[in-house]
Amino acid sequence: MINFPVVGKTELAPGIKKLVVEAPSLAAKAKPGQFVVLHLHAQGERIPLTIADFDREEGTITLIFQEVGLTTFQLGSLEPGDTIRDIAGPLGRPSRVDYFGKVLCVGGGVGCAPLYPIARALREQKNDLAAVVGARSREFLILRKEMEQVCSPLIIATDDGSEGLQGTVLRGVEKYFREYGKPDYCVCIGPPVMMEAVCSFTRNYKVKTVVSLNPIMVDGTGMCGACRVVVGGEVKFACVDGPEFDGHLVDWELFRRRLQFYKREEKLALGAFLRKSRSAGER
Amino acid sequence: MAILDPTMRIRTFDEVTLGYTSDQAKREAARCRGCSQAPCRRGCPIGVDIPGFISLVKEGKFREAAQRLRERNTLPAVCGRVCPQDRNCEKHCVLAKKGAPIAIGRLERFVADWEREHGMTVPPTPGSTGKRVAVVGSGPAGLTVAAALARKGHSVTVFEALHAPGGVLSYGIPQFRLPKEVVAAEIDYVCALGVKIELNTPIGKLYSLRDLRREYDAVFLGTGAGLPRLLGIPGEHLNGVYTANEFLTRVNLMKAYLFPEYATPVRVGKRVAVIGGGNVAVDAARVAVRLGAEEVVVLYRRTLVEMPVRAEEYRFACREGVFFRFLVAPLEFRGDAEGWVREVLCTRCELGEVDESGRRRPVPVPGSEFTIPIDTVIVAIGQEPNILALAEVSELLTPSGRFVGADPETGATPVPGVFAGGDLVTGAATVIQAMTAGRRAAKAIDRYLSELE
Ligand SMILES: Cc1cc2nc3c(=O)[nH]c(=O)nc-3n(C[C@H](O)[C@H](O)[C@H](O)COP(=O)(O)OP(=O)(O)OC[C@H]3O[C@@H](n4cnc5c(N)ncnc54)[C@H](O)[C@@H]3O)c2cc1C
Ligand code: FES
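All figures in this text were calculated on a predicted structure; none of them were measured in a lab.

Things to note about helix α5 (residues 169–180) of chain A
Residues and elements named next belong to chain A.
Logical step 1: The terminal C-alpha atoms of α5 lie 16 Å apart, and with 12 residues this matches the ideal 16 Å at 1.5 Å per residue to within 8%.
Logical step 2: Inspection of α5 places Val 169, Leu 170, Gly 172, Val 173, Tyr 176 and Phe 177 among the buried residues, and these make up the whole buried set. Buried positions in α5, seen along its axis, are confined to an arc of 160 degrees and lie on one side of it.
Logical step 3: If you follow the buried residues of α5, they end up packed against β8 (102–108), β9 (128–135), β10 (154–158), β11 (165–166) and α6 (192–204).
Logical step 4: Just downstream of α5 lies Gly 181, where phi reads positive at about 80 degrees.

Here it is in structure tokens:
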């Protein structure tokens with residue numbers, strides 16, 4: 001199928017947007033933890049986005065993203081009635097949703113979007129769920145109500161202290177360990193540095209920690225190897241073997257470095273786009 | 001046949017060979033002796049009536065020639081451009097002994113291009129049989145099966161994971177060798193026969209093989225060999241090191257050579273090393289030249305004789321300034337402090353015993369290590385089947401678990417109603433081999449469907 005209609009749009013926080021897209025067969029198959037690769041139009045690039053939610057009855061999937069590069073800005077400029085040319089998925093392995101006991105969910109920034117459906121599914125498995133979520137400041141916190149419904153306690157940390165603890169999510173994680181003891185299982189999704197920091201903390205306590213990696217991808221089907229990561233000394237393709245991996249085994253330095261591969265080109269493309277839309281706005 | 005001048009062509013992605021004019025084609029066709037034995041035909045895996053179509057060209061009956069070609073070959077404009085004629089039909093031409101075989105490939109291309117420019121005539125398809133067939137993968141194997149079964153009146157749907165059909169023809173083989181407009185026209189022809197193509201549909205993810213078997217009377221798997229092999233040596237994950245699949249997909253499928261008009265970037269430095277010796281390696285090298293690399297060297301651990309590349313493309317690559325170093329294998333890629341590749345440590349090799357591929361095995365020469373400064377590496381050492389679609393049906397796989405087992409004559413797998421062919425079964429091979437497997441499977445599927453009643 002091609003040309004997927006956008007049916008809903010909300011701005012969750014400055015620069016963080018939520019689109020609801022009609023994609024019935026995708027909605028029918030999607031599981032928490034999986035992602036799609038989308039390609040906005042013939043000239044566009046293919047980028048992976050986690051499926052933030054799906055509604056099998058309505059036949060829709062939800063995408064939540066932060067406007068950081070050319071494609072996410074273009075995506076953010078779509079309105080209900082517009083279409084996305086190509087969406088392929090659901091890709092990657094679904095999240096492992098079992099009964100673990102005491103589970104800590106850790107989300108940073110827009111990472112809360114993929115975290116929420118996993119948290120909800122873990123809750124349905126009767127896990128005792130708590131969460132730590134972090135953002136730059138209060139206005140950037142997303143899905144707080146939704147998380148509150150499935151996690152207790154919900155510990156918040158903001159860089160500027162405008163809500164909850166002041167500092168990174170790690171502060172929140174430390175607080176949780178201090179006050180509630182160590183969990184049996186941890187799921188952590190957010191920026192690479194944050195995931196790495198949380199993993200090195202939980203490693204000390206031998207708490208199994210699963211992270212969701214979002215490397216550069218092209219096809220998303222195991223064909224190009226752009227998404228390769230090293231986990232436990234082995235090469236893995238995040239698009240088919242992941243996106244979730246044991247965070248204690250991930251080669252973080254390599255992961256962070258490979259994300260920089262196209263930084264220069266990405267900046268160039270975004271700059272051209274922003275200049276163009278600004279001059280269009282002035283006209 | 002006219003060819004773009006090397007100094008011109010390395011600046012563009014325009015097609016290198018320009019094709020025959022009608023007169024040139026007729027003149028070339030007139031050289032054909034029309035041998036009654038037609039040895040050329042034996043060299044064509046799919047069995048095109050070569051003397052037949054050539055004699056029609058000689059008479060100027062180009063449309064009839066095209067029809068004759070299409071009786072057996074669904075993608076003549078593609079095959080005329082990319083088949084290894086030097087190893088197949090042209091090798092068997094009686095004139096080959098004198099060093100000047102009939103240019104069968106160029107004639108095939110001429111006829112197909114003439115037909116495209118003058119409007120393709122789609123043969124009427126028979127009434128519907130009511131039978132439904134699912135084809136997974138829209139590469140040469142899948143397209144061939146789909147076209148052949150549509151011509152028999154079956155209703156065929158092709159499922160493709162990517163956003164464009166064609167398989168390697170779209171994402172692998174570059175524009176300057178196989179223009180994407182040519183591929184699109186061939187695919188339009190297949191669709192005009194009544195075939196439906198569903199894009200963005202990764203089987204094994206969006207639908208399972210089980211779903212397809214429930215919904216369709218037969219399934220053909222033609223998912224190719226898309227999984228890139230890696231060297232497994234230190235430094236392979238440094239920035240600047242690509243698999244050929246990533247590099248070529250960015251450039252061909254995503255048109256990164258038109259960045260930023262097209263949003264997908266690709267990065268090529270000044271000095272590029274390509275590892276490998278097949279079509280994929282040579283294509284990657286020629287793409288790198290066109291993207292502005294100053295020095296492009298192909299490192300191959302065997303010699304020119306063992307190189308599984310189309311002869312013409314090797315010659316073109318040399319003319320374009322690609323440098324080939326034989327009997328050289330990489331041992332390690334070394335990077336700078338920021339993690340960008342800066343040099344490759346190599347060893348010289350010599351040829352030893354014949355290995356399972358029937359070629360002499362390269363053996364490293366101790367103490368012969370040396371380094372080459374580079375800033376981009378493209379690893380093109382082969383692909384294997386990507387078994388995304390098949391995880392659920394282990395009985396399809398060969399004992400190694402890496403390929404799908406299918407009867408070479410019929411494409412039948414151990415699972416009733418499921419057939420397979422192309423690179424998925426043979427490992428990375430050629431377009432014409434994939435199409436031949438598709439043609440055989442289509443026959444077997446048609447038989448299978450008629451016995452279903
Ligand atoms: C760079 C390059 C240059 C080449 N040059 C030549 C040449 O000059 N001459 C020649 O004869 N051969 C050449 N080859 C080899 C030739 O292209 C292949 O042998 C041929 O394309 C194989 O055809 P196929 O149909 O088996 O598979 P492919 O062409 O690989 O097509 C498979 C298709 O299936 C799709 N697919 C995979 N998994 C799924 C799934 N789960 N669900 C849905 N779809 C799926 C893929 O996206 C792909 O589109 C070249 C190959 C490459 C990579
Ligand atoms: S994105 Fe291409 S292999 Fe994973």
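After that view of the structure, there is still more to cover.
Thoughts on the site of ligand 1
All names here are of chain B.
Logical step 1: Taken together, 35 residues sit near ligand 1, with Val 82, Ala 141, Glu 160, Arg 177 and Ile 203 positioned nearest.
Logical step 2: A distance of 3.1 Å is found between a nitrogen atom of ligand 1 and a backbone nitrogen or oxygen belonging to Ala 161.
Logical step 3: A distance of 2.9 Å is found between an oxygen atom of ligand 1 and a backbone nitrogen or oxygen belonging to Val 431.
Logical step 4: Calculation on ligand 1 without its partners gives an accessible area of 1,000 Å², and the protein chains cover 96% of this total.
Logical step 5: Listing elements by their share of the shell around ligand 1, those giving two or more residues are α9 (140–151), α14 (279–290) and α17 (431–450).
Logical step 6: For the shell around ligand 1, the element with the highest residue contribution is α14, accounting for three residues.
Logical step 7: Classifying every residue of the shell around ligand 1 gives 18 nonpolar, 12 polar and five charged.

Some details on the packing of helix α13 (residues 244–253) of chain B against α14(B)
Residues and elements named next belong to chain B.
Logical step 1: Two elements in contact, α13 and α14, have axes whose closest approach is 10 Å; the angle formed by their N-to-C orientations is 50 degrees. Between α13 and α14, the angle is such that the two are oblique. The chirality of how α13 crosses α14 is left-handed. Residues Ala 244, Phe 247, Leu 248 and Val 251 of α13 touch α14, and the partners they reach there are Val 280, Asp 283, Ala 284, Val 287 and Ala 288.
Logical step 2: Residues of the contact of α13 with α14, tallied by class, amount to eight nonpolar, no polar and one charged.

Focus: unusual backbone geometry
Logical step 1: Cis geometry is adopted by the peptide bond preceding A:Pro90, which originates at A:Gly89 and carries an omega value of -10 degrees.
Logical step 2: Here A:Pro90 is to be found in strand β7 (residues 86–91).
Logical step 3: You will see that A:Leu143, though not glycine, has its phi angle at about 60 degrees, which is positive.
Logical step 4: Turning to its location among the elements, A:Leu143 is positioned in the loop between β9 and α4 (144–150).
Logical step 5: For A:Leu143, a relative accessible area of 13% corresponds to the buried category.
Logical step 6: Even without a glycine there, the phi angle at B:Ala38 is positive, about 45 degrees.
Logical step 7: According to the relative accessible area criterion, B:Ala38 is buried, its value standing at 11%.

Details of the pattern of salt bridges
Logical step 1: In this structure the tally under the stated criterion is 48 salt bridges over all chains.
Logical step 2: Between A:Lys236 and A:Glu234 there is a salt bridge, and its shortest N-O distance comes to 3.5 Å.
Logical step 3: A residue is classified by how much of its surface remains accessible, and A:Glu234, at 46% relative accessible area, is partly exposed.
Logical step 4: For the salt bridge of A:Lys263 with A:Glu266, the shortest nitrogen-to-oxygen distance reads 3.8 Å. Here A:Glu266 and A:Lys263 lie together in helix α9 (residues 263–282), a separation of three residues that amounts to about one turn.
Logical step 5: A relative accessible area of 33% means that A:Glu266 is categorised as partly exposed.
Logical step 6: A single salt-bridge network, built from bridges that share partners, covers B:Arg9, B:Arg106, B:Arg177, B:Asp283, B:Arg286, B:Arg290, B:Arg310, B:Glu312, B:Glu313 and B:Glu320.

Thresholds applied
- Residues numbered from 1 in each chain as written.
- Chains lettered and ligands numbered in written order.
- Predicted model: local features only at pLDDT ≥ 70, side-chain atom pairs only at ≥ 80, totals over all residues.
- Heavy atoms only, no water.
- Helix = DSSP H or I, 4+ residues; strand = E, 2+ residues; numbered from the N terminus.
- Expected span 1.5 Å × (residues − 1).
- Buried < 20%, exposed > 50% of the residue type's maximum accessible area, 1.4 Å probe, protein only.
- Arc of directions from axis to C-beta.
- Contact = heavy atoms within 4.5 Å.
- Near = heavy atom within 4 Å.
- Polar contact = N/O pair within 3.5 Å; in protein donor to acceptor, adjacent residues only side chain to side chain.
- Areas by Shrake-Rupley, 256 points an atom, 1.4 Å probe, with all protein chains shown as cover.
- Nonpolar A, V, L, I, M, F, W, Y, C, P; charged D, E, K, R; others polar.
- Axes fitted to C-alpha atoms, helices over the stretch in contact; angles between N-to-C directions.
- Parallel < 35°, antiparallel > 145°, perpendicular 65-115°, else oblique.
- Left-handed = near helix turned anticlockwise from the far one by under 90°.
- Salt bridge = Lys/Arg side-chain N within 4 Å of Asp/Glu carboxyl O.

So, to be careful, I would describe these as geometric facts and stop short of saying anything about function.
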